[in-house]
Amino acid sequence: KKIIDNYHVWFLLTSFFNAWIVVKFLKHYSEHFSITIMVYHALGTYLMYLAAIKQSIAIGILLIAIPYLFRKKWLLYYSLVILAILFHTHSFLFLVLPFFISKPWGKLTYVCIGIALFAMATYDNTLGAFMEYAQSIGANVASIEVFDDMTVSPIRVAVYAIIPLISLLFKKQIKNKSNIADNLFLNMSILSLLILSIGLVNGANLFARMVGYFELGIALSLPWLLNRIFTLRSRQFVYVAAFLCFSVYFVYDSYMIKDFNHYRAISVFEFIKSLF
């Protein structure tokens, strides 16, 4: 940014960094890449990166860290998490991620549900105290983010609840069929729902941004769950149904709820002209 004042160069470099890592990561861990990348876009994760550049860089670094988590190379993992925190404070959430490689719907899951419900019931006191503590240690947490008097759409929360509910209802069918990566992504899906649910009370923008760290788990868990629950014959129909449902949600969330039209683009030729 100090070398050249053309902000399009900055946008291009950061978007390439993030997009390349996300695609490589999803392709490596997904059992059905087409469905995964579609859900990733439908949830609005990519659109969030257009407005949250620092967070997109942080998430890219965190995705590089996750394979080291699986291999339990803690020095490399936590070094990358700390590097991500320097770009975006909310990356501190990944400091506790190693606890979530255990199977979902165990004691830890229910503890997290209890914490989320407690935070919702005592939002003003709990989040107020957290904000004061964060500010005291130098974290950049503005009160307008925590108490913005805006709430998350219940429809969005319902969409995020799909994977946790399926995994709970078919807990017996998926038991002993998951590896460490499957466990983590499914737990990330549950965390996405719990974090977003707090936004039903207040602080919609804050919790919508925080959930962006975990919602990749939804995109990865959906095809894995469908492959474990449905037979090969019925799976294709379920894939098509999932594709259509998430497409409808994308249109609703991006064009009816949000003003997607305020995003603007330039052509490649215009970008080249701007360099001179």
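Rules and cut-offs
- Residues numbered from 1 in each chain as written.
- Predicted model: local features only at pLDDT ≥ 70, side-chain atom pairs only at ≥ 80, totals over all residues.
- Heavy atoms only, no water.
- Helix = DSSP H or I, 4+ residues; strand = E, 2+ residues; numbered from the N terminus.
- Polar contact = N/O pair within 3.5 Å; in protein donor to acceptor, adjacent residues only side chain to side chain.
- Contact = heavy atoms within 4.5 Å.
- Axes fitted to C-alpha atoms, helices over the stretch in contact; angles between N-to-C directions.
- Parallel < 35°, antiparallel > 145°, perpendicular 65-115°, else oblique.
- Left-handed = near helix turned anticlockwise from the far one by under 90°.
- Patch = residues over 30% accessible without salt bridge, like charges linked within 9 Å, V, L, I, M, F, W, Y side chains within 5 Å.
- Areas by Shrake-Rupley, 256 points an atom, 1.4 Å probe, with all protein chains shown as cover.
- Salt bridge = Lys/Arg side-chain N within 4 Å of Asp/Glu carboxyl O.
- Buried < 20%, exposed > 50% of the residue type's maximum accessible area, 1.4 Å probe, protein only.
- Expected span 1.5 Å × (residues − 1).
- Arc of directions from axis to C-beta.
- Bend = angle between axes of the 7 residues up to and from the residue.

Chemist: I tried to follow the side chain of Ser30 on my own but got confused; where do I start?
Modeler: Position of Ser30 relative to the elements: it lies in the loop between helix H1 (7-29) and helix H2 (33-42). In terms of polar contacts, Ser30 uses its side chain to reach the backbone amide nitrogen of Phe33, at 3.4 Å. If we ignore the near neighbours within four places in the chain, the residues touching Ser30 are Thr36, Leu220 and Pro223.

Chemist: I tried to follow the packing of helix H14 (residues 216-229) against helix H15 (residues 232-257) on my own but got confused; where do I start?
Modeler: When two helices pack together, you describe them by how their axes are tilted relative to each other and by the distance separating the axes. Their axes nearest at 10 Å, the elements H14 and H15 cross at an angle of 150°. The angle between H14 and H15 places the two elements in the roughly antiparallel class. Considering the relative orientation of H14 and H15, their crossing is right-handed. Where H14 approaches H15, its residues Leu222, Pro223, Leu226 and Asn227 are matched on the opposing element by Arg235, Val238, Tyr239, Ala242 and Phe246.

Chemist: I would appreciate a short explanation of a nonpolar patch on the surface in the present structure.
Modeler: Side chains of Ile3, Ile4, Val268, Ile272, Leu275 and Phe276 sit close together on the surface and give an oily, nonpolar patch of about 720 Å² of accessible area. When you line up the elements, Ile3 lands in the segment before H1. Residue classification places Ile3 among the exposed residues on the basis of a relative accessible area of 86%.

Chemist: Help me understand helix H6 (residues 107-121) in this model?
Modeler: Spacing of three or four residues puts side chains on the same side of an α-helix, whose turn is 3.6 residues. A rise of 1.5 Å per residue sets the reference length of H6, with its 15 residues, at 21 Å; its end C-alpha atoms lie 21 Å apart and thus fit the reference within 8%. Thr109, Cys112, Ala116 and Ala119 are the residues of H6 that are buried. One side of H6 holds all its buried residues, which, seen down the axis, span an arc of 90°. Across H6 from its buried face, at more than 90 degrees, point the exposed residues Lys107, Leu117 and Ala121.

Chemist: Even after reading the chapter, I still don't get the environment of Phe243, so can you show me in this structure?
Modeler: Within the secondary structure, Phe243 sits in helix H15. Of the residues examined, Phe243 reaches a relative accessible area of 39% and is grouped as partly exposed. On a C-alpha basis, the gap between Phe243 and Asp124 in space is 39 Å, while along the polypeptide they are 119 residues apart. Not counting the four nearest positions on each side in its chain, Phe243 is found in contact with Ile35 and Met38.

Chemist: For this particular structure, what's the right way to read helix H4 (residues 53-70)?
Modeler: The end-to-end C-alpha distance of H4 is 27 Å, a good match for the 26 Å that 18 residues give at a rise of 1.5 Å each. Along H4, the sharpest change in direction is near 25° and occurs at Ile64; proline Pro67 comes one to four residues later. In terms of residue burial, H4 counts as a mostly covered element, since 14 of its 18 residues are buried. With its phi angle positive at about 60°, Lys72 sits one or two positions after the end of H4.

Chemist: Looking at this model, I keep getting lost on the environment of Val268. Mind explaining?
Modeler: Summarising the element assignment, Val268 is placed in helix H16 (residues 268-274). For Val268, a relative accessible area of 65% translates into the label exposed. Residues Val268 and Asn176, 92 residues apart in the sequence, show an inter-C-alpha distance of 49 Å.

Chemist: Mind showing me how you'd approach unusual backbone geometry here?
Modeler: Residues apart from glycine generally show negative phi values, whereas peptide bonds are mostly found in trans. Phi angles above zero are rare outside glycine, and Lys72 is one such case at about 60°. Summarising the element assignment, Lys72 is placed in the loop between H4 and helix H5 (74-87). Unusually for a residue other than glycine, Trp105 sits at a positive phi of about 65°. In this fold, Trp105 is placed in the loop between H5 and H6. Classification of Trp105 as buried rests on a relative accessible area of 12%.

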